[in-house]
Amino acid sequence: MTGDIDRVLIGADRIAETVQRLGQEIARDYQGREPYLVGILKGAVVFLADLARSVPLPLTMDFMAISSYGTSRQSTGIVKITQDLSQNIQGRDVIIVEDIVDTGLTLGYLKDLLHVREPRSLAACTLLNKPSRRKLEVHLDYVGIEIPNEFVVGYGLDYAEKYRNLPDICVLKEQVYANG
Ligand code: 5GP
């Protein structure tokens, strides 16, 4: 698996520092409240697990699964809910937790969808942000690291369902895609 990696873009130490910082920002902003963290499966699982432990507040974790990318590297813009939340979010302080915001289409769709359910507040937190690829302007409340227009894997992010367990965020060798 590590033979497929061209280079490490963001190492595990920098990821950990970033997650700590985001956790502190959330804890500061939600003092006295109980945020409802919504992780988007599967990419945000690793990030959410670490982020939740860096927020020293009572909180709820829930998950939503959507299909948008499939196994291709191009966003289709078509987003389908394949698994919904387990609880009602009306009156809750919801924070959508994403691994990466690229075109912004997925997050824009999710925000609209959850907004209709009347949460008390609705915020978005992403570990990675690729602003150069944006098709839809979507407000981000918490942003970890801005990255250039590169397709990355690791720390929850996949290519064809692989590489999610890499501790670093990496760029794959071109021939991996050629063979896939
Ligand atoms: P958007 O709708 O913002 O274009 O895309 C959001 C989703 O596309 C992310 O949650 C992620 O699943 C996928 N995605 C976007 N860029 C990358 C990337 O560089 N690597 C991986 N593995 N997935 C990406």
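Parameters and conventions
- Residues numbered from 1 in each chain as written.
- Predicted model: local features only at pLDDT ≥ 70, side-chain atom pairs only at ≥ 80, totals over all residues.
- Heavy atoms only, no water.
- Pairing = 2+ DSSP bridges.
- Helix = DSSP H or I, 4+ residues; strand = E, 2+ residues; numbered from the N terminus.
- Buried < 20%, exposed > 50% of the residue type's maximum accessible area, 1.4 Å probe, protein only.
- Contact = heavy atoms within 4.5 Å.

Student: I tried to follow the sheet that holds strand β9 (residues 169-172) on my own but got confused; where do I start?
Tutor: The three strands are arranged β1-β9-β8 in an open sheet whose pairing can be described as antiparallel. Two strands bound the open sheet, and with one partner strand each, they are β1 (5-10) and β8 (152-153). Pairing of β8 with β9, which is carried by two bridges, proceeds in the antiparallel orientation. Residue pairing for β9: Val-153 is matched across the bridge by Cys-170.

Student: Can you walk me through the side chain of Thr-60 in this structure?
Tutor: Residue position: Thr-60 is located in strand β3 (residues 60-67). Of the residues examined, Thr-60 reaches a relative accessible area of 15% and is grouped as buried. Excluding residues within four positions of it along the chain, Thr-60 makes contact with Glu-34, Pro-35, Tyr-36, Leu-37, Gln-87 and Arg-92.

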